Structures are given as C-alpha cells and as structure tokens.
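# Coordinate analysis (summary)
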Amino acid sequence: DAGVIQSPRHEVTEMGQEVTLRCKPISGHDYLFWYRQTMMRGLELLIYFNNNVPIDDSGMPEDRFSAKMPNASFSTLKIQPSEPRDSAVYFCASSLVQGPEQYFGPGTRLTVT
Amino acid sequence: QQQVKQSPQSLIVQKGGIPIINCAYENTAFDYFPWYQQFPGKGPALLIAIRPDVSEKKEGRFTISFNKSAKQFSLHIMDSQPGDSATYFCAASCGFFSGGGADGLTFGKGTHLIIQP
C-alpha cells in the first residue's frame, strides 16, 4: 500500500513568493496532520483535520500560513508571502479514527532565499 | 514551554550495547506515548508506543518503560546494531483513549544515536 505522499520533495523559492505544499494521506485515514521540522524548534504541529474539517490550527505560526483539505485524499499548506525563516522540512501525517498511530510522509524541504 | 523533554541530545554506543533514551512530560492529560525513528532525508517512522496503564512494552529489540507517577518514559534498544543509527523522537498526545479522538503529537527535541561497529 502507498504511504503518505507529499509533493514537491524539494522547493526553493525567493522571499515574497507564494509556496504551496501538497499531501495525499493514506487511503481510508480520517485524520491529517501538518508538522514543521527545524533544527531550532524540532518537530512542531501546525494544524490537523478530521474528516476534512480543521480541528486545531493553533500551531499555525502566522496568517501567512493557511491549510485546506478539499477532500479526503488531498490537502495543501500554503505560505503567502514566504520568508527566509519559513525554511524547514514540512511533514504531512495521517491516522485512522480507530487508532492514534500517525504515519508520516517523506516531507517537503522548503528553502526560502 | 517545552512539554516533552528528551535526553540525551546525542548518544554513542558500541554495537551490542543498550542505548537508553529518556523523556519526561508535564501534561497529565497525555495518554499516548509513541517513539519515532528518523533517518536522514526521511520522515519519522513509528517504532513503538505505549499507553499509561502499561509499565512496559516490548517489540523485538525495542522496549518502552513507563513510570506514570514520575511522568517519565524511556526507550531501550537491545543488542544495538549500526543500522539502528538514527535520530529518535519521543512524543505524546492526549485525548484519544479518553474518547476525545486523535490529537496532534508533541515531540521531544530528538536524540541522535550512533552505534559504532
């Protein structure tokens, strides 16, 4: 079975540009999570969805960040405008409602110059 | 405020040794404690997890010990191998086993483990 799929795997952009990260959760999973990993702050939860509905977005750092889940098989994390301090690896994870186990995708490494 | 404190930051162990990684938490509402393993350039992979009503759980060479009163839990790797060299993260979440549904994970800062041949 395919795991969590993220695209692109690498993104390099200039400050001020819009960035869109994409995630396809494991089929049948009800929960989708977005995390950010940096050397300084480690792994941080940004936002998560249950059945396509955002449940907790308290980890979203600023209004420049937004996330959507238009259907059960697709989610986006958008940064507009991007800044150099947004450079990080962004992970998407999914889980079943029947269990707390979260399965992570390979991540998107974002570099903002 | 760091809710899950992990130590040590880095650890070097000889092959066959037993590395031990420790975590402490503050939020007594946490009811699910997983450990993740991450290799360079990869996403975290779930290794083993425990609930607070269990004091120990073993899966293969990996063991979690849990001390609810001390709010601490640890990962032991038996007969460690060079292939175990990776970064290990402890994590915690709350609400699932109390009926609140899944919740986001709060991670420790990670332990960079090297197993020397």
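To be clear, the structure that these remarks concern was listed above.
Given the structure is predicted, the values throughout are model-derived calculations rather than measurements.

Bringing the overall build of chain A into the picture now. Across its full length, chain A holds zero helices and eleven strands. Order of helices (α) and strands (β) in chain A, N terminus to C terminus: β-β-β-β-β-β-β-β-β-β-β. Its C-alpha atoms give chain A a radius of gyration of 13 Å, within 12% of the compact-globule value 13 Å for 113 residues. A principal-axis box enclosing the C-alpha atoms of chain A has dimensions of 40 × 25 × 25 Å.

Below, the discussion takes up the pairing of strand β9 (residues 86-94) of chain B. All names here are of chain B. Where burial is concerned, most of β9 is hidden: seven out of the nine residues are buried. In this sheet, β9 lies alongside strand β4 (residues 30-38) in antiparallel orientation, the contact comprising six bridges. Residue pairing for β9: Y36 is matched across the bridge by F89. Bridge count between β9 and strand β11 (residues 111-116): three bridges; the pairing is antiparallel. Bridge pairing in β11 links A86 to L113. Both β9 and strand β10 (residues 106-107) contribute to a ladder of two bridges, which runs antiparallel. Counted as the bridge partner of A91 is F107 from β10.

With that settled, the discussion passes to unusual backbone geometry. In this structure, the amide linkage connecting S7 of chain A to the following residue, P8 of chain A, adopts the cis form with an omega of -10 degrees. Mapping P8 of chain A onto the fold places it in the loop between β1 (5-7) and β2 (10-13). Backbone torsion omega between S7 of chain B and P8 of chain B reads -5 degrees, so that peptide bond is classified as cis. By the element assignment, P8 of chain B lies in the loop between β1 (4-7) and β2 (10-14). A positive phi angle, close to 75 degrees, is found at N52 of chain A, a residue other than glycine. Following the sequence through the fold, N52 of chain A ends up in the loop between β5 (42-50) and β6 (53-56). Positioned with a positive phi, D79 of chain B is a non-glycine residue whose angle comes to about 45 degrees. With respect to the helices and strands, the residue D79 of chain B is situated in the loop between β8 (72-77) and β9.

Reading the values: rules and limits
Residues numbered from 1 in each chain as written. Chains lettered and ligands numbered in written order. Predicted model: local features only at pLDDT ≥ 70, side-chain atom pairs only at ≥ 80, totals over all residues. Heavy atoms only, no water. Helix = DSSP H or I, 4+ residues; strand = E, 2+ residues; numbered from the N terminus. Rg over C-alpha atoms; globule rule 2.2 N^0.38 Å. Buried < 20%, exposed > 50% of the residue type's maximum accessible area, 1.4 Å probe, protein only. Pairing = 2+ DSSP bridges.

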